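Residues per chain, in single letters:
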Amino acid sequence: MKVIESLNIKEKAYIEKLENGLTVIIIPKQNSNKKYVIWGTHFGSIDNRFIMPQTGEEVFIPDGVAHFLEHKMFEQENGTNSLDTLMALGIDANAYTTNDHTAYLFECTNNFYEGLDELMDYVQHPYFTDENVEKEKGIIGQEIGMYDDDPGWQLYMNAMDCMYKQNPIKIDIAGTVESISKITPDVLYKCYNTFYNPSNMVMVLCGNFEPEQILQEIKKRIVPKELQGEIKRIYPEKENTINKPYKEVAMEVSSPMFAIGYKDCEDFEQEKEHIVAKHIAIEILLNMIIGKSSKLYKELYESGEILSEPDLSYEFSSQYAHILISGQSKNPEKIQNEIKKIVEEYKQNGLDKEHFERIKKKIYGDYVVEYNSVGDIARMFLSDKMKQINSFDYIEEYSSVTKEYTEEILKNVFKEENMIMSVVKCK
Amino acid sequence: MEYNTQEIKNGVKLHTIKTNNFKTNLYAAFIATPLKRENVTLDALLTAVLRRGTNNMQSQDIISKKLEEMYGASFDCGIEKSGDNHIIKFYLEAINEEFLPQKENLTQKCIDILLDIILNPLVEKNGFKEEYVQGEKENLKQIIESKIDNKTNYSIDRCIEEMFKDKAYGLYKYGYVEDLNNITSQSLYEHYKQLINTCKIDIYCSGIIEEKDIKQIVEENENIKKIEPRQARYVINNEKTEEIEIQETKMVEDQMQVSQGKLVLGLSINTNKENSRFTASVYSAILGGGANSKLFQNVREKESLAYSAGSRYIRQKNTIIIACGIEIENYEKALNTIKEQLEDMKKGNFDEKDIENAKNLIIESVKSIKEEQDTQITYYYGQELSDTFMTIEEYEEKIKEQSKEQIVDLANKVEIDTIYFLRDKRGEQN
C-alpha cells in the first residue's frame, strides 16, 4: 500500500488500487471509538450524457438520475431496505448526491463488520422494478417540493443560471417532477452498469483500523466484475463568458439574500497541477476582501448592511469553476459595488503583507480543524479524490502560497466582466 | 478521557475534559439564568453586544485580528433554552500547539480572551457603547424576524410556543421585537450587572490540556478575581416546574406562501416517575427515531405521504415533538396515520425487535458523544444543570434496562396537546 503522510498534523493515509480498479483509502485514527466508511462513485448530476464502455452506446439521461439511483440502491430484492437494516444495527447510515459524485456511507461504534457486509452487499446489488421505481417518484417529488420552498437553494440555482448558459451544473441535483417521470428501470441499470464499476469508485475509511487487515476484509466482500475501460463523458463546450449578470426572484424571506459570484474562466487543464495552491490563494483573497477582520466587513456590519459573515466558497471541477460570496443584506447592490471597489484597490495597490500573512495563518487553522472528526476526514478525502487531489496537500502546500502568486490569481480570476449576482428579494 | 470539575468560587465552576481525540482545544463558558418574559430579549441582546468589544479589545475587528493571528482560533456565541433556563454560550476553539507549524502556547491567550469578552465589556457613561447597542438592536430585530425563513424550525417553534403558552418554555429564545424599543445602553448594562452577579457560570476546557495549568490560568485571571461568589439563580432541570393539565387538544393553523405543508404535533407525557426519561427516549425512538421507526415506515414509506417524518424527545420538558413535511392536501390522511401510530404504541403493537432497534439507535448516539468536543461539553453541562451525574456508560445501561411493559405504560400516559399545521394561503394561486 502507498502511504502518504502529513507531518504537521501527524496523520497518515494508506492508498491501494485493487485489481478490479477500486481505489481504497484508509486513514487510521487509533483514538477514535467511531468507524466511518464512505463509498463513492464518480457519477453526479452533471453526468447526463456519456458513452457506455461495454457497448459503445451513447446515452442521454433525464435530469436527476444520479440522485434517483442513490435513493433506489437501498431497496433489496428480498423486500428489505438496507437503510433500515443498518439502522436496526444501531448504525447511522446515509447517502448523498452532488454535482460530481454519489456516496454511500455509515458510521458506528459497534457492529462495524455487519455494517460493512450490508453496505458492500447493497451497493453491489441493484434491484429496480417498474413498481419500485414508480413509488419512488412520489417520495422524490416531495423532496423536490422541499427544495422549491428553500430560498437558499433557489439563490444558488439562480447564481448558476447567471454564470452558465449550458453547463449541466445548472441542473437541479434532484431533477424536476417532470424529468424524473421519465426514469425507468432500464435507465437506472444502464447508469448503474456504467458508473458503479469498481474502476469508477473510491472507498474511504477513517477510524480505528489496521490498514492491511481492513483491506483484506474489503477484498473478501468484493463481487467480481469485469474491468471496464474509460467512461467517455460528453459535456457541452466550455463557455468563456457569463450567461447574465443578474437574476432575482421574490420569496417569503425576512431580508434579501444575495449570492455574488465570479466565474473562473481560466483553463482547468492548464491549472490542474496548481489547483490546490490556487484554491488556497482564492480562500485567502476572499477572507481579505470580506472576511471577519476585513475593512469592508467592518463597514458593512457597523452600518447594518450585513448581519453576519457571508459564506465564502470556491467550487470547481474540470467542467466548472466559480467563486461564491453569499449572505443576507438589505442592500445587495451596495455589497456588490463595495466588493468591486476593494478588488480594484487590491489589484492597484497590491495586498498588504501583514494582512496577507495573518489570513494565511487563519486558513491553516481552518484546514487543521477539518481533521477533528472521522466523518469530515473521510468525506474530504473522497470529494478531493474525485478531483484527483490528495487532501494533505492543503496542509503541506499552504506555506508555498506567496503574496505575489495570490496577487496574480486576483488579477486572473476576480474579473469584473465575470461577476454575477443572484438575489432572493422579500415578497 | 478524564473529566474533572471544581468550584472556583461559589456559583462558578471549572470543568476540564482531557482528551487527545482532537486537533483542537475547545474552551467554553456558559451562563445560566431563569427564562423570563421580561428578560429574554435583554439576554439575547446582551449576548450580541458583549462580542462587539471589551475594555482591552475595543472592537470586533481587533478581536478578529487577534484570533486570526492565533491560527484562526474561532470565537462563537449563542443563546439556547434548556428547560426553563436561558443559557448564554460562549466558545473559543483553537488548534492545539502540537499541530502548529511553529510551537506557540495558545491556551492562556484563549482563556483570557474568552473571559475578557464575558466579564470585561466596553462600558461608557454607565452603559454599553451606544453604537454597539443600537447596531445590535437592529440586528436582533432582523434575527427575530428571520425565524420564518426556515419553515421546518419555524413550525416546531410555533408548536412549542402554543403548547407552552404563557409559560417559560414557550418563550422564543431571541426574544420579541416589541421589547427591543425600550432597551437603552444603560438599562442593558443594568441588566448585565444584575445577571453577571447572580447567574450560574460554568467554564469548560477540552483537549490536550493539563488540569492544573488550566486551573491556575483561570484562578489567576483578573476578570475571574473580580467577580463575587454567588448563590446562583437557575432552574434545576429535573424538577417539575408546572402541572400539565390535559385538556382538549389545541388545533393551530398558520398560513404562508409554501408549497409543502408542515405538520407538527406536541405530545405531553403525564408522568414524572424517576427514570421515565429513559423510557420516554426509547418510546420516542420506536415512534419516530429513525428509518425503522413507525412514523418513518408508515407515514413516509408505506403511504408516501411525507418526505420527512420523525419525532424528538425534549427531556427537560418531558415532551415529544412529531414533525412531518407533507403535501398540503394529505393533511387528514397524514394526521390519521400519525394517530394510528400513537394508538399502536398504547396497545403495545411493536415487538422486541423494534425495542432493540430503538435502543441501538440511542446507544449509538450516546457512544458518539465522545467523538465531538462540543457534544461532549454539552453532555456534561446537561448533567450539571440537572444536578446529577451519570457517566456515559451508566446512561447506556439505563437505556438497556427499559422493558416493553414500561414503554407501553408510558405510551398510555402520552396525550396530544397541540396539533400545529403550516399550510399555503387558501384561495391564492402560487
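Computed from a predicted model, the values in this text were never measured in an experiment. (Residues numbered from 1 in each chain as written. Chains lettered and ligands numbered in written order. Predicted model: local features only at pLDDT ≥ 70, side-chain atom pairs only at ≥ 80, totals over all residues. Heavy atoms only, no water.)

Trainee: Residues and numbers for the pattern of salt bridges, please.
Mentor: Taken as a whole and assessed by the stated rule, the structure comprises 66 salt bridges over all chains. Across the salt bridge formed by K244(A) and D161(A), the nearest N and O atoms sit 3.2 Å from each other. Highlighted residues: K244(A) in the loop between β10 (232-233) and β11 (246-251) and D161(A) in helix α5 (residues 151-163), separated in sequence by 83 residues. On the basis of relative accessible area, D161(A) is assigned to the buried category, the value being 13%. For K317(B), the salt bridge goes to D84(B), with nearest N and O atoms at 2.9 Å. Of this pair, K317(B) sits in the loop between β11 (306-314) and β12 (319-326) while D84(B) sits in the loop between β4 (74-82) and β5 (85-95), and the two are 233 residues apart along the sequence. The exposure class of K317(B) is buried, given its relative accessible area of 7%. We classify D84(B) as buried; its relative accessible area is 8%. (Salt bridge = Lys/Arg side-chain N within 4 Å of Asp/Glu carboxyl O. Helix = DSSP H or I, 4+ residues; strand = E, 2+ residues; numbered from the N terminus. Buried < 20%, exposed > 50% of the residue type's maximum accessible area, 1.4 Å probe, protein only.)

Trainee: Describe in detail helix α5 (residues 151-163) of chain B, supporting the description with residues and values.
Mentor: Residue and element names in this part refer to chain B. With 13 residues, α5 should reach 18 Å at 1.5 Å per residue; the first-to-last C-alpha distance of 18 Å fits that figure. Of the positions making up α5, those classed as buried are K151, Y154, S155, I156, R158, C159, I160, E162 and M163. Contacts from the buried residues of α5 go to β4, β9 (250-255), β10 (261-269), β11, β12 and β13 (414-423). (Expected span 1.5 Å × (residues − 1). Contact = heavy atoms within 4.5 Å.)

Trainee: Report on the interface of chain B and chain A, specifying residues and quantitative values.
Mentor: Facing the 64 residues of chain B at the interface are 57 residues of chain A. Taking both partners together, chain B and chain A bury about 5400 Å²; carbon and sulfur atoms supply 46% of that area. It is K23(B), E68(B) and Y307(B) that lose the most area in chain B upon contact with chain A, and together they represent 13% of the buried surface on that side. In this structure, the connection of chain B to chain A is made through five salt bridges. We note a salt bridge from K23(B) to E11(A), for which the minimum N-O separation is 2.6 Å. For the interface between chain B and chain A, the tally reads 28 residue pairs in polar contact (both at pLDDT 80 or more). Among the elements of the structure, α2 (60-69), β5, α4 (130-145), α11 (294-302), β11, β12 and α13 (352-367) of chain B are those that each provide at least two residues to the side of chain B that touches chain A. With seven residues, α4(B) is the largest single contributor of residues to the side of chain B that touches chain A. Classifying every residue of the side of chain B that touches chain A by side-chain character gives 17 nonpolar, 22 polar and 25 charged. (Buried area = accessible area lost by both parts, 1.4 Å probe. Polar contact = N/O pair within 3.5 Å; in protein donor to acceptor, adjacent residues only side chain to side chain. Nonpolar A, V, L, I, M, F, W, Y, C, P; charged D, E, K, R; others polar.)

Trainee: Tell me about the domain arrangement of chain A, and please be specific about residues and values.
Mentor: Reports of interface size often rely on the accessible area that becomes lost once the parts have come together. Residue and element names in this part refer to chain A. As assigned here, chain A comprises domain 1 (2-233) and domain 2 (246-426). Each of domain 1 and domain 2 was reduced to a C-alpha centroid, and the two centroids are 28 Å apart. Contact with domain 2 buries area across many residues of domain 1, yet I9, L155 and M163 alone supply 18% of it, more than any other trio. Across the domain 1-domain 2 interface, the total number found is two salt bridges. (Domains from an automatic or database assignment.)

Trainee: How would you explain helix α8 (residues 211-220) of chain A if you had to name every residue and give the values?
Mentor: Residue and element names in this part refer to chain A. Those residues of α8 lying buried are P211, I214, L215, E217 and I218. Along the long axis of α8, the arc covered by the buried residues comes to 160°, so they all point the same way. On its buried face, α8 is in contact with β2 (11-17), β3 (23-28), α3 (112-124) and β9 (201-207). (Arc of directions from axis to C-beta.)

Trainee: With reference to specific residues and values, describe the pairing of strand β1 (residues 2-9) of chain B.
Mentor: Both faces of the sheet carry side chains from a regular strand, because those side chains alternate between them. All names here are of chain B. Where β1 meets strand β2 (residues 12-18), seven bridges bridge the pair, whose relative direction is antiparallel. When the sheet's bridge partners are listed, Y3 is paired in β2 with I17. Taken together, β1 and the strand that follows it, β2, pair antiparallel across an intervening segment of two residues, in which G11 is found at a positive phi of about 85°. (Pairing = 2+ DSSP bridges.)

Trainee: Provide a residue-level description of the sheet that holds β5(B), including the pertinent values.
Mentor: Residue and element names in this part refer to chain B. Reading across the sheet, the six strands line up as β1-β2-β8-β3-β5-β4 and stay open at both edges, with mixed pairing between neighbours. Each edge of the open sheet carries a strand with a single partner, namely β1 and β4. Each strand axis lies, on average, 15° off the axis of its neighbour in the sheet, ignoring direction. Across the sheet, helix α7 (residues 185-198) is in contact with β3 (24-34), β5 and β8 (200-207); its angle to β3 comes to roughly 105°. (Axes fitted to C-alpha atoms, helices over the stretch in contact; angles between N-to-C directions.)

Trainee: Report on the layout of surface pockets, specifying residues and quantitative values.
Mentor: Residues and elements named next belong to chain A. Its boundaries defined by the atoms lining it, the largest pocket holds a volume of some 1000 Å³. In this structure, the largest pocket is lined by 33 residues; those nearest its centre are H42, N200, R233, M386 and Q388. Taken together, the elements giving at least two residues each to the lining of the largest pocket come down to β2, β9, β10, α9 (268-271) and α14 (374-386). Here the lining of the largest pocket is composed, by residue class, of 10 nonpolar, 11 polar and 12 charged. (1 Å grid on protein atoms, 1.4 Å probe; cavity = no way out; pocket = protein on both sides within 12 Å on 5 of 7 lines; lining within 4 Å. Points joined across faces, edges and corners; volume = space filled by probe spheres on them.)

Trainee: I'd like a description of the sheet that holds strand β15 (residues 419-426) of chain A, backed by residues and values.
Mentor: Residue and element names in this part refer to chain A. The five strands are arranged β11-β15-β12-β14-β13 in an open sheet whose pairing can be described as mixed. Two strands bound the open sheet, and with one partner strand each, they are β11 and β13 (311-316). Put simply, the sheet's adjacent strands are angled 15° from each other on average, direction ignored. Across six bridges, the pairing between strand β12 (residues 257-263) and β15 is antiparallel. Its bridge partner being in β15, Y262 is matched across the sheet by M419.

Trainee: Now, about the packing of helix α1 (residues 37-50) of chain B against α7(B): what can you tell me, with residues and values included?
Mentor: All names here are of chain B. It is the contact of α1 with α7, at a shortest axis distance of 10 Å, that shows an interaxial angle of 95°. Considering their axes alone, α1 and α7 lie roughly perpendicular with respect to each other. Residues N39, L42, D43, L45, L46, V49 and L50 of α1 pack against L188, H191, Y192 and L195 of α7. Of the residues in the contact of α1 with α7, the class split is eight nonpolar, two polar and one charged. (Parallel < 35°, antiparallel > 145°, perpendicular 65-115°, else oblique.)

Trainee: Which residues make up the domain arrangement of chain B, and what are the values?
Mentor: Residue and element names in this part refer to chain B. You can read the domains of chain B as domain 1 (2-226) and domain 2 (250-423). Once you take the C-alpha centre of each, domain 1 and domain 2 turn out to be 30 Å apart. Taken together, the contact pairs 39 residues of domain 1 with 35 residues of domain 2. The junction of domain 1 with domain 2 conceals about 3000 Å² of combined surface from both sides, 68% of it contributed by carbon and sulfur atoms. Connecting domain 1 to domain 2 are four salt bridges. On inspection of domain 1 and its partner domain 2, the count reaches nine residue pairs in polar contact (both at pLDDT 80 or more). The leading source of residues in the side of domain 1 that touches domain 2 is α5, at 10 residues. Counted by class, the side of domain 1 that touches domain 2 contains 19 nonpolar, 12 polar and eight charged residues.

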